[in-house]
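Residues per chain are reported as follows:
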Amino acid sequence: MEENYWKIRIRCSSASYGKSKGFRVIFYYSPPSDSIFLVFVYAKSEIETPSFELLKKLYKEIIEYIHIIEYIHTHYSSYS
């Protein structure tokens, strides 16, 4: 699961407090669909690190979404 997750840091100069003046963005790459999904965006000053349980829940939701998209693409692509 972890190898398809990526975290990037975005500096925000307008953030006037905290040691880390920016945001963290976690996204997920799905090789089968060759798609990138936004998972979570948070201010480092508000959340140190999201819990594994939260990330696991979001991961399950993303996988469900990917399955729905693949189903629609497979069954209804001839209508476009």
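Residues numbered from 1 in each chain as written. Predicted model: local features only at pLDDT ≥ 70, side-chain atom pairs only at ≥ 80, totals over all residues. Heavy atoms only, no water.

Trainee: Would you mind going over the overall build of the chain with me for this structure?
Mentor: Regarding its fold elements, the chain presents one helix and three strands. Counting all 80 residues of the chain, 28% fall into the buried class. Within the chain, residue pairs in contact and separated by at least 24 positions form 32% of the contacts whose partners lie at least 6 positions apart. Per element, the accessible surface of the chain, about 6300 Å² overall, is 57% carbon and sulfur. (Helix = DSSP H or I, 4+ residues; strand = E, 2+ residues; numbered from the N terminus. Buried < 20%, exposed > 50% of the residue type's maximum accessible area, 1.4 Å probe, protein only. Contact = heavy atoms within 4.5 Å. Areas by Shrake-Rupley, 256 points an atom, 1.4 Å probe, with all protein chains shown as cover.)

Trainee: I would appreciate a short explanation of the side chain of R24 in the present structure.
Mentor: For R24, the location among the structural elements is in strand β2 (residues 22-30). The buried category is assigned to R24, whose relative accessible area is 8%.

Trainee: Whenever I open this one, the pairing of strand β3 (residues 35-43) confuses me. Can you help?
Mentor: Of the pairings in the sheet, the one linking β2 to β3 comprises eight bridges and is antiparallel in character. Of the residues in β3, the one forming a bridge with F23 is A43. Hairpin remark: β2 followed by β3, antiparallel, with four residues in the connecting loop; positive phi at D34, about 50°. (Pairing = 2+ DSSP bridges.)

Trainee: Help me understand the sheet that holds β2, please; the structure alone is not making it clear to me.
Mentor: Where strands meet in a sheet, backbone hydrogen bonds hold them as pairs that are either parallel or antiparallel. An order of β1-β2-β3 is seen for the three strands of this open sheet, with the pairing classed as antiparallel. Edge positions in the open sheet fall to β1 (5-11) and β3, since each of these has one partner strand only. Each strand of the sheet is rotated relative to its neighbour by a mean of 25°, with strand direction disregarded. Relative to β2, β1 is paired through seven bridges, and the arrangement is antiparallel. (Axes fitted to C-alpha atoms, helices over the stretch in contact; angles between N-to-C directions.)

Trainee: Looking at this structure, I do not really get the nonpolar core. What am I missing?
Mentor: The tendency in soluble globular proteins is for nonpolar side chains to be buried side by side. In terms of nonpolar packing, the biggest core is built from eleven residues, these being Y5, I26, Y28, F37, V39, F40, Y42, L55, L58, I62 and I66. Every element with two or more residues in this core is listed here: β2, β3 and α1 (52-76). (Core = buried A, V, L, I, M, F, W, Y, C linked by side-chain atoms within 4.5 Å.)

Trainee: In this structure, what is going on with the packing of aromatic side chains? I would like to understand it.
Mentor: Any aromatic ring pair is given by two values, namely how distant the centres are and how the planes are angled relative to each other. Taken as a whole and assessed by the stated rule, the structure comprises three aromatic pairs. Pairing F37 with Y65 gives two aromatic rings, centres 5.6 Å apart and planes at 85°, and the pair type is edge-to-face. With F37 in strand β3 and Y65 in helix α1, the pair connects residues that are 28 residues apart, well separated along the chain. Look at F37 and you get buried, because its relative accessible area is 14%. By relative accessible area, Y65 is classed as partly exposed at 44%. Judged by centre distance (5.5 Å) and plane angle (35°), the rings of F40 and Y42 are tilted. We note that F40, like Y42, is buried. (Phe/Tyr/Trp six-rings, centres within 6.5 Å; stacked < 30°, edge-to-face > 60°.)

None of this, on its own, says anything about what the molecule does.
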